[in-house]
Amino acid sequence: MTQPNHTDLSRDMGRVEASLEALEKVVSQGFQDIKDELRAIKTDVEALKQAENKRKGALGALMVFAGFIGGLIVKFGALIFGGH
């Protein structure tokens, strides 16, 4: 085995640098993909929260309406249904 000379070492160092740059590009792209996926998940969660809030609001309005109708029936039930 011969001793590597300056040219061999420079060439090998260039290969290592190129490999590191390629690895850095892959890793940074991977992080970008993860960031994009997290943004999409966050958007989905926000949409679910909005839908849940709308559902809660609709349920609350339904409860108020049902209470109002129930009150009317109690108040005027005897008159409507022929009671005393």
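Now for a quick tour of the structure.

Basis of the calculations
Residues numbered from 1 in each chain as written. Predicted model: local features only at pLDDT ≥ 70, side-chain atom pairs only at ≥ 80, totals over all residues. Heavy atoms only, no water. Helix = DSSP H or I, 4+ residues; strand = E, 2+ residues; numbered from the N terminus. Rg over C-alpha atoms; globule rule 2.2 N^0.38 Å. Buried < 20%, exposed > 50% of the residue type's maximum accessible area, 1.4 Å probe, protein only. Areas by Shrake-Rupley, 256 points an atom, 1.4 Å probe, with all protein chains shown as cover. Lys, Arg positive; Asp, Glu negative; His and termini not counted. Charge placed at Lys NZ, Arg CZ, Asp CG, Glu CD. Salt bridge = Lys/Arg side-chain N within 4 Å of Asp/Glu carboxyl O. Expected span 1.5 Å × (residues − 1). Bend = angle between axes of the 7 residues up to and from the residue. Patch = residues over 30% accessible without salt bridge, like charges linked within 9 Å, V, L, I, M, F, W, Y side chains within 5 Å.

Within the protein chain, the regular secondary structure consists of one helix and zero strands. For 84 residues, the compact-globule formula gives about 12 Å, and the C-alpha radius of gyration of the protein chain, at 36 Å, lies well above that figure. When its C-alpha atoms are laid out on the principal axes, the protein chain stretches across 115 × 20 × 10 Å. Across the 84 residues in the protein chain, those meeting the buried criterion constitute 1%. When the accessible area of the protein chain is evaluated, it comes to approximately 7800 Å², of which 67% is carbon and sulfur surface. Counting 11 positive and 11 negative side-chain charges, the protein chain places the averaged centre of each group 16 Å from the other.

A separate point is the pattern of salt bridges. Between side chains of opposite charge, pairing is possible as soon as their charged atoms come close. Counted under the stated rule, the structure contains five salt bridges. The salt bridge partner of Arg11 is Asp8, with a shortest N-O separation of 3.0 Å. With Arg11 and Asp8 both in helix α1 (residues 6-81) and three residues apart, the pair spans about one turn of that helix.

End to end, α1 covers 107 Å across 76 residues, agreeing with the expected 112 Å (1.5 Å per residue, within 8%). In α1, a bend of some 55° at Lys75 exceeds every other bend along the element. Gly82 occupies a position one or two residues after α1 and carries a positive phi of about 75°.

Together, Leu59, Leu62, Met63, Phe65, Phe68, Ile69, Leu72, Ile73, Phe76, Leu79, Ile80 and Phe81 give the surface a local cluster of nonpolar side chains, amounting to about 1300 Å² of exposed area. Along the chain, Leu72 falls in helix α1.

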